[in-house]
Amino acid sequence: MSKKNKIFIPCDEANHVCDKNQYKEASLWDMIKLNIHLIYCKACRNYTANNTKLSKMMKATTNNKKVISLNNEVKSNFKNKFEEALKQEQNN
């Protein structure tokens, strides 16, 4: 049996399928394997539930136009400050 046709999948693959499903990129076979996995894996059920909540919240937020994106200069400043703080933490 080929690796692609396995019914039982590991957690990392289940999480990947869950993420693909969030963007409507998961195939029917992927969803079948995910649902079989979710029957016996509580951790992945929690991951899927949280992923679904996040997707719904983001969709509702973007429909209300409450999402504000930072410009590239502000993002760059945050990134630089974070990297400096990380370096200081590693030196201590």
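Overview of the structure. Please read these numbers as outputs of a predicted model, since none were measured by experiment.

Description of the overall build of the protein
Thinking step 1. Along the backbone of the protein there are four helices and zero strands.
Thinking step 2. Moving toward the C terminus, one meets the helices and strands of the protein in the order α-α-α-α.
Thinking step 3. In terms of overall size, the protein is more extended than a compact globule, its C-alpha atoms giving a radius of gyration of 19 Å where 92 residues would be expected to give roughly 12 Å.
Thinking step 4. If one aligns the C-alpha atoms of the protein with their principal axes, the spans along those axes are about 50 × 40 × 25 Å.
Thinking step 5. Counting all 92 residues of the protein, 15% fall into the buried class.
Thinking step 6. When the accessible surface of the protein is summed, it comes to about 7,800 Å², and 57% of that surface belongs to carbon and sulfur atoms.

Details of the side chain of Asp 30
Thinking step 1. Of note, Asp 30 is situated in helix H2 (residues 28-40).
Thinking step 2. With a relative accessible area of 11%, Asp 30 lands in the buried category.
Thinking step 3. Beyond its immediate sequence surroundings of up to four residues, Asp 30 is in contact with Val 17 and Lys 20.

A look at a nonpolar patch on the surface
Thinking step 1. Residues Ile 7, Phe 8, Leu 28, Trp 29, Ile 32, Ile 39 and Tyr 40 make up a contiguous nonpolar surface patch of roughly 750 Å² in combined accessible area.
Thinking step 2. Here Phe 8 shows up in the segment before helix H1 (11-22).

Rules used in this analysis
Residues numbered from 1 in each chain as written. Predicted model: local features only at pLDDT ≥ 70, side-chain atom pairs only at ≥ 80, totals over all residues. Heavy atoms only, no water. Helix = DSSP H or I, 4+ residues; strand = E, 2+ residues; numbered from the N terminus. Rg over C-alpha atoms; globule rule 2.2 N^0.38 Å. Buried < 20%, exposed > 50% of the residue type's maximum accessible area, 1.4 Å probe, protein only. Areas by Shrake-Rupley, 256 points an atom, 1.4 Å probe, with all protein chains shown as cover. Contact = heavy atoms within 4.5 Å. Patch = residues over 30% accessible without salt bridge, like charges linked within 9 Å, V, L, I, M, F, W, Y side chains within 5 Å. Salt bridge = Lys/Arg side-chain N within 4 Å of Asp/Glu carboxyl O.

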